[in-house]
Amino acid sequence: QVMTKEETISFIVPLSHKLLRDDTDSVKLRAVESLYDVACVVNQKEHLVTFVSLLKNIDPDGKSWRVRFGVAEVLAKFVAFSDLEERIRLEIVETYEKLCKDPEAEVRSVVVTSLAELSDNLDEPLVHSRIVPLLPQLAGDSSHYVRLPLAQVLVRIGKNLTPEH
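Scope of this entry: the structure provided in the associated data block. None of the values given here were measured: they were computed from a predicted structure. (Residues numbered from 1 in each chain as written. Predicted model: local features only at pLDDT ≥ 70, side-chain atom pairs only at ≥ 80, totals over all residues. Heavy atoms only, no water.)

Turning next to the overall build of the chain. Regarding its fold elements, the chain presents nine helices and zero strands. Computed over C-alpha atoms, the radius of gyration of the chain comes to 16 Å, within 12% of the 15 Å expected from 2.2 N^0.38 for 165 residues, which places it in the range of a compact globule. Seen through its C-alpha atoms, the chain measures out along the principal axes to roughly 55 × 35 × 25 Å. In the chain, buried positions account for 44% of the 165 residues. When contacts within the chain are restricted to residue pairs at least 6 apart in sequence, those whose partners lie at least 24 apart make up 68%. When the accessible surface of the chain is totalled, it reaches about 8900 Å², and 53% of it is carbon and sulfur. Charge centroids of the chain, computed over 20 positive and 26 negative side chains, lie 3 Å from each other. (Helix = DSSP H or I, 4+ residues; strand = E, 2+ residues; numbered from the N terminus. Rg over C-alpha atoms; globule rule 2.2 N^0.38 Å. Buried < 20%, exposed > 50% of the residue type's maximum accessible area, 1.4 Å probe, protein only. Contact = heavy atoms within 4.5 Å. Areas by Shrake-Rupley, 256 points an atom, 1.4 Å probe, with all protein chains shown as cover. Lys, Arg positive; Asp, Glu negative; His and termini not counted. Charge placed at Lys NZ, Arg CZ, Asp CG, Glu CD.)

Right under this line is the structure:
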């Protein structure tokens, strides 16, 4: 029997929440990696807000760099949802600002790559005021694994700024 969209949502959302709160990092990581796909199926504002909140707070103790890596990979995609409130977009940007200071170079590296996607879906003033100031810090990062992707995405981020900037 085929499930309606509402039945699918009522089934998949609670399971996603449970898996995102799992005690095992590898389970959390896979749940993080699939959450954007779940969000695309659900595509309801209240669930998107909840998903973003869950992602922002998934590793409060900073114990799992792999989970933070997954969050950095996935979270930027949520900004592309057209009905996402500006407040939530700003929370996503704030999460990336925090992740730019992550102690793990692998996390900072994927943050850099995600900044390009993030800037593609943000208004120019927000890119200029919040994303651009991160770039000098990242360009001076001690790890070449962070600087290398920055060199690759710099033009893409720059295309999201008007000529006067």
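For the rest of this paragraph, the subject is the packing of aromatic side chains. Applying the stated criterion across every chain yields a total of four aromatic pairs. Centre to centre, the rings of Trp65 and Phe69 are 6.3 Å apart; their planes meet at 90 degrees, and the pair counts as edge-to-face. Of this pair, Trp65 and Phe69 both sit in helix α4 (residues 65-74), four residues apart, which is roughly one turn of the helix. With relative accessibility at 26%, the residue Phe69 sits in the partly exposed group. What links up through ring pairs into an aromatic cluster is the set Tyr36, Phe78 and Phe81. (Phe/Tyr/Trp six-rings, centres within 6.5 Å; stacked < 30°, edge-to-face > 60°.)

Packing of helix α5 (residues 86-99) against helix α7 (residues 124-131) leaves a shortest axis separation of 11 Å and a crossing angle of 25 degrees. It follows from the interaxial angle that α5 and α7 lie roughly parallel. Crossing handedness for the pair α5 and α7: right-handed. Facing Glu86, Leu90, Val93, Glu94 and Glu97 of α5, the residues of α7 in contact are Leu126, Arg130 and Ile131. Split into classes, the residues belonging to the contact of α5 with α7 amount to four nonpolar, no polar and four charged. (Axes fitted to C-alpha atoms, helices over the stretch in contact; angles between N-to-C directions. Parallel < 35°, antiparallel > 145°, perpendicular 65-115°, else oblique. Left-handed = near helix turned anticlockwise from the far one by under 90°. Nonpolar A, V, L, I, M, F, W, Y, C, P; charged D, E, K, R; others polar.)

Tallying each qualifying case throughout the model produces twelve salt bridges. The shortest N-O distance in the salt bridge between Asp59 and Arg68 comes to 2.9 Å. Given a relative accessible area of 16%, Asp59 falls into the buried group. Each of Lys45, Lys56, Glu85, Arg87 and Glu91 takes part in a single network of salt bridges with overlapping partners. (Salt bridge = Lys/Arg side-chain N within 4 Å of Asp/Glu carboxyl O.)

Here we come to a nonpolar patch on the surface. On the surface, a nonpolar cluster with roughly 290 Å² of combined accessible area is contributed by Met3, Phe11 and Leu15. Mapped onto the elements of the fold, Phe11 is located in helix α1 (residues 5-20). (Patch = residues over 30% accessible without salt bridge, like charges linked within 9 Å, V, L, I, M, F, W, Y side chains within 5 Å.)

What follows is about unusual backbone geometry. Not every positive phi belongs to a glycine, and Asn43 is a case in point at roughly 45 degrees. Tracing the backbone through its elements, the reader meets Asn43 in the loop between α2 (25-42) and α3 (45-56). Assessed through its relative accessible area of 39%, Asn43 is described here as partly exposed.

Turning our attention to the side chain of Glu97. Counting through the fold element by element, Glu97 comes out in helix α5. Not counting residues up to four positions away in its chain, the partners in contact with Glu97 are Arg130 and Leu134.

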